[in-house]
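What follows is the residue order along each chain.
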Amino acid sequence: MSLSAQQVIQLIEELAPKKLAADWDNVGLQVGAYDQRVSKVLVTLDVNRAVMDEAIAKEVDLIISHHPVIFKSLSEVRFDTEIGRIIRSAIKNEINIYVAHTNYDIAKGGLNDLLADKLDLLDVQILQPTFEDEVKKLVTFVPEESIDEVREAITSAGAGWIGNYSDCTFQMKGVGAFKPLADSTPYLGEEGQLESVKEVRLETIVPASKLKRVINKLNKVHPYEEVAYDIYPVEINGESFGLGRIGKLKASLSFVELIAQVKKQLGVADLRVVEPKVDTIKKIALCSGSGADLIKKAAFKGADLLLTGDLKYHDAELAVELGLGIIDAGHYGTEIIMQKGIVEYLKTKIQERGLEEIEVSSAKSNKGFIQIV
Ligand SMILES: [Zn+2]
């Protein structure tokens, strides 16, 4: 049982499209080839020596990592450096390495949403918007008898979503005309004769990020040899994406209670904290990894506390000035949950799509680099 690397990567990119990644980031397939067969996937926060050894021992074909292996561009691959040895091991053992980093932080259902789920936050919003999807209008012309099949195909590929409504389409009956020319293989009609057919004009909206998938699906199910469709720009706001999240706890907690909850939910034994100004905490901002840049934003949006990692001394000073509490659960502590998140996502999607079953596991050897003693 196996899938191509491309098939697995496509599932990841449906969740975390590469275009959501920050400009400075490096995401995507970093070692390997899209057409390689994959029967075992290992999901990891980092690719270090221990994780590579685990991948080799488990005979993994594809590593999906959060942190990039190749971050800045390489001008050489030398085996007297750790990165060179890791790349050599990957190539020698035919292990592909794929990275979903800031695009996965930002994605709906990505790392920051996982973190918000851990705290059971309600009314979760984006803390720092970074990207807004465009919206396109798609119009196609379909013979009456195929309308249901075409509508179902394009809406299931992502067309027709408005707020909390799916399958939003409009259709109008009319008459289409065409003349099949030499070498055509028309669905109906004869070569050289003008044909008219009862058609339905089907229109809907599509996020630009899903347009390619919708058009592919349309071409696949539409009965005509040459599918007629138009794509129009639309002046309405698309879906927003961004870094960090802000939301409300179901019930207010004291700082001590919140600390206990964070330790339990993230499985972190030690936290570094800055006490908030308020006695009870209701509104929480969070950002996985290094989110101290969002201290001002969190305070401005009325958060009582920011949960993040990698807090520096002067970040803490700023938080005190703004009255914002901080829980620093560590870079590793706020991000290691991605392993389970992606494993579960892939297993669910593979089953839902009826794809061949492959083994997807979470790296066990990735322990983080910092210990508190
Ligand atoms: Zn990170």
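Since this is a predicted model, take the numbers as computed values, not measurements.

Analysis parameters
Residues numbered from 1 in each chain as written. Predicted model: local features only at pLDDT ≥ 70, side-chain atom pairs only at ≥ 80, totals over all residues. Heavy atoms only, no water. Helix = DSSP H or I, 4+ residues; strand = E, 2+ residues; numbered from the N terminus. Polar contact = N/O pair within 3.5 Å; in protein donor to acceptor, adjacent residues only side chain to side chain. Contact = heavy atoms within 4.5 Å. Donors = N, O, S within 2.8 Å, 3.2 Å for Na, K, Ca; no water. Tetrahedral: all angles 85-135°; square planar, octahedral: opposite > 155°, others 65-115°. Domains from an automatic or database assignment. Pairing = 2+ DSSP bridges. Axes fitted to C-alpha atoms, helices over the stretch in contact; angles between N-to-C directions. Salt bridge = Lys/Arg side-chain N within 4 Å of Asp/Glu carboxyl O. Buried < 20%, exposed > 50% of the residue type's maximum accessible area, 1.4 Å probe, protein only. Parallel < 35°, antiparallel > 145°, perpendicular 65-115°, else oblique. Left-handed = near helix turned anticlockwise from the far one by under 90°. Nonpolar A, V, L, I, M, F, W, Y, C, P; charged D, E, K, R; others polar. Patch = residues over 30% accessible without salt bridge, like charges linked within 9 Å, V, L, I, M, F, W, Y side chains within 5 Å. Areas by Shrake-Rupley, 256 points an atom, 1.4 Å probe, with all protein chains shown as cover. Phe/Tyr/Trp six-rings, centres within 6.5 Å; stacked < 30°, edge-to-face > 60°. Lys NZ or Arg CZ within 6 Å of the ring centre and 35° of its normal.

1. Remarks on the side chain of His66
Step number 1: As for its position among the elements, His66 is in the loop between strand E5 (62-65) and helix H3 (82-92).
Step number 2: A polar atom in the side chain of His66 sits 2.9 Å from the backbone oxygen of Ala100.
Step number 3: When near neighbours in sequence (up to four residues on either side) are disregarded, His66 contacts Thr44, Leu45, Val99, Ala100, His101, Tyr104, Asp105, Leu111, Glu335 and Met338.

2. Describing the side chain of Ser2
Step number 1: Following the sequence through the fold, Ser2 ends up in the segment before strand E1 (3-4).
Step number 2: Sequence-distant contacts of Ser2, defined by excluding residues within four places in its chain, comprise Arg37, Val38, Ser39, Glu356 and Ile358.

3. Some remarks on unusual backbone geometry
Step number 1: Its identity is not glycine, yet Asp120 carries a phi of approximately 55°, on the positive side.
Step number 2: Its identity is not glycine, yet Asp167 carries a phi of approximately 60°, on the positive side.
Step number 3: Structurally, Asp167 can be placed in the loop between helix H6 (147-156) and strand E9 (169-178).

4. Examining the coordination of the zinc ion
Step number 1: Protein coordination of the zinc ion is provided by His67 (NE2), His331 (NE2), Glu335 (OE) and Glu335 (OE), with donor distances spanning 2.1 to 2.8 Å.
Step number 2: If you look at the zinc ion, its 4 donor atoms make angles of 51 to 135° with each other, and the shape they trace is irregular.
Step number 3: Of note, the donors binding the zinc ion are all from one chain and are spaced H-x263-H-x3-E. Pair noted here: His67 is in the loop between E5 and H3 and His331 is in helix H11 (residues 331-335), with a separation of 264 residues, a long-range link.

5. Section: the domain arrangement of the protein
Step number 1: Each domain of the protein was delimited in the assignment, giving domain 1 (3-101 + 336-362), domain 2 (111-130 + 242-329) and domain 3 (134-233).
Step number 2: Measuring from the centre of the C-alpha atoms in domain 2 to the corresponding centre in domain 3 gives 47 Å.

6. Quick look at the sheet that holds E5
Step number 1: Taken together, 5 strands build an open sheet; the order of strands is E2-E6-E5-E4-E17 and the sheet is mixed. Bordering the open sheet on either side are strand E2 (28-31) and strand E17 (359-362), each of which pairs with just one other strand. Each strand axis lies, on average, 25° off the axis of its neighbour in the sheet, ignoring direction.
Step number 2: Alignment of strand E4 (residues 40-44) against E5, held across 4 bridges, turns out to be parallel. By the bridge assignment, Val43 is partnered in E5 with Ile64.

7. Focus on the sheet that holds strand E11 (residues 229-233)
Step number 1: Pairing is antiparallel across the open sheet formed by 4 strands, whose spatial order is E9-E10-E8-E11. Each having just a single partner strand, E9 and E11 make up the two edges of the open sheet. Averaged over all pairs of adjacent strands, the angle between strand axes in this sheet comes to 25°, irrespective of strand direction.
Step number 2: Taken together, the 5 bridges between strand E8 (residues 135-143) and E11 define a ladder with antiparallel strand orientation. Bridging from a neighbouring strand, Lys137 pairs with Tyr232 of E11.
Step number 3: Where H6 meets the sheet, it contacts E8, E9 and strand E10 (195-207), and its direction lies at approximately 20° from that of E10.
Step number 4: The strands that helix H7 (residues 211-221) touches are E8, E10 and E11; relative to E11, the one it contacts most, it runs at about 165°.

8. Overview of the pattern of salt bridges
Step number 1: Per the stated rule, a full pass over the model turns up 17 salt bridges.
Step number 2: Notably, a salt bridge pairs Glu14 with Arg353, separated by 2.7 Å at the nearest N-O pair. Taken together, the residues Glu14 in helix H1 (residues 5-15) and Arg353 in the loop between helix H12 (337-352) and E17 connect sequence positions 339 residues apart.
Step number 3: Accessibility expressed as a relative area gives 23% for Glu14, which makes it partly exposed.
Step number 4: Looking at Arg353, the relative accessible area reads 39%, which means it is partly exposed.
Step number 5: With a closest N to O distance of 2.9 Å, Glu203 and Lys137 form a salt bridge. Taken as a pair, Glu203 in strand E10 and Lys137 in strand E8 lie far apart in primary sequence, 66 residues in all.
Step number 6: Among the charged side chains, a salt-bridge network with shared partners connects Lys137, Arg201 and Glu203.

9. Details of the packing of H1 against H12
Step number 1: Look at H1 against H12: their axes get within 10 Å of each other, and the N-to-C directions meet at 115°. Taken together, the axes of H1 and H12 lie roughly perpendicular to each other. Taken as a pair, H1 and H12 cross one another with a handedness that is right-handed. Across the interface between the two elements, Val8, Leu11, Ile12, Glu14 and Leu15 of H1 pack against Ile342, Tyr345, Leu346, Lys349 and Ile350 of H12.
Step number 2: By residue class, the composition of the contact of H1 with H12 is 8 nonpolar, no polar and 2 charged.

10. A look at a nonpolar patch on the surface
Step number 1: A cluster of nonpolar residues, Leu74, Val77 and Phe79, forms a patch on the protein surface that exposes about 260 Å² of accessible area.
Step number 2: Its location among the elements puts Phe79 in the loop between E5 and H3.
Step number 3: Look at Phe79 and you get partly exposed, because its relative accessible area is 44%.

11. Some thoughts on the packing of aromatic side chains
Step number 1: Evaluated as defined, the whole model comprises 4 aromatic pairs.
Step number 2: Relative to Phe241, the ring of Phe131 has its centre 6.1 Å away and its plane inclined at 55°; by these criteria the two rings are tilted. A residue pair is termed long-range when its members are at least 10 positions apart, and Phe131 in strand E7 (residues 122-132) and Phe241 in strand E12 (residues 240-254) qualify at 110 residues.
Step number 3: Given the relative accessible area of 24%, Phe131 is considered partly exposed.
Step number 4: Accessibility expressed as a relative area gives 10% for Phe241, which makes it buried.
Step number 5: Taken together, the ring pairs connect Phe178, Tyr187 and Tyr224 into an aromatic cluster.
Step number 6: Its end group placed over the ring of Phe79, Arg88 keeps NZ or CZ at 4.5 Å from the ring centre.
Step number 7: Cation over ring: Lys108 sits above Phe241, and NZ or CZ is 4.6 Å from the ring centre.

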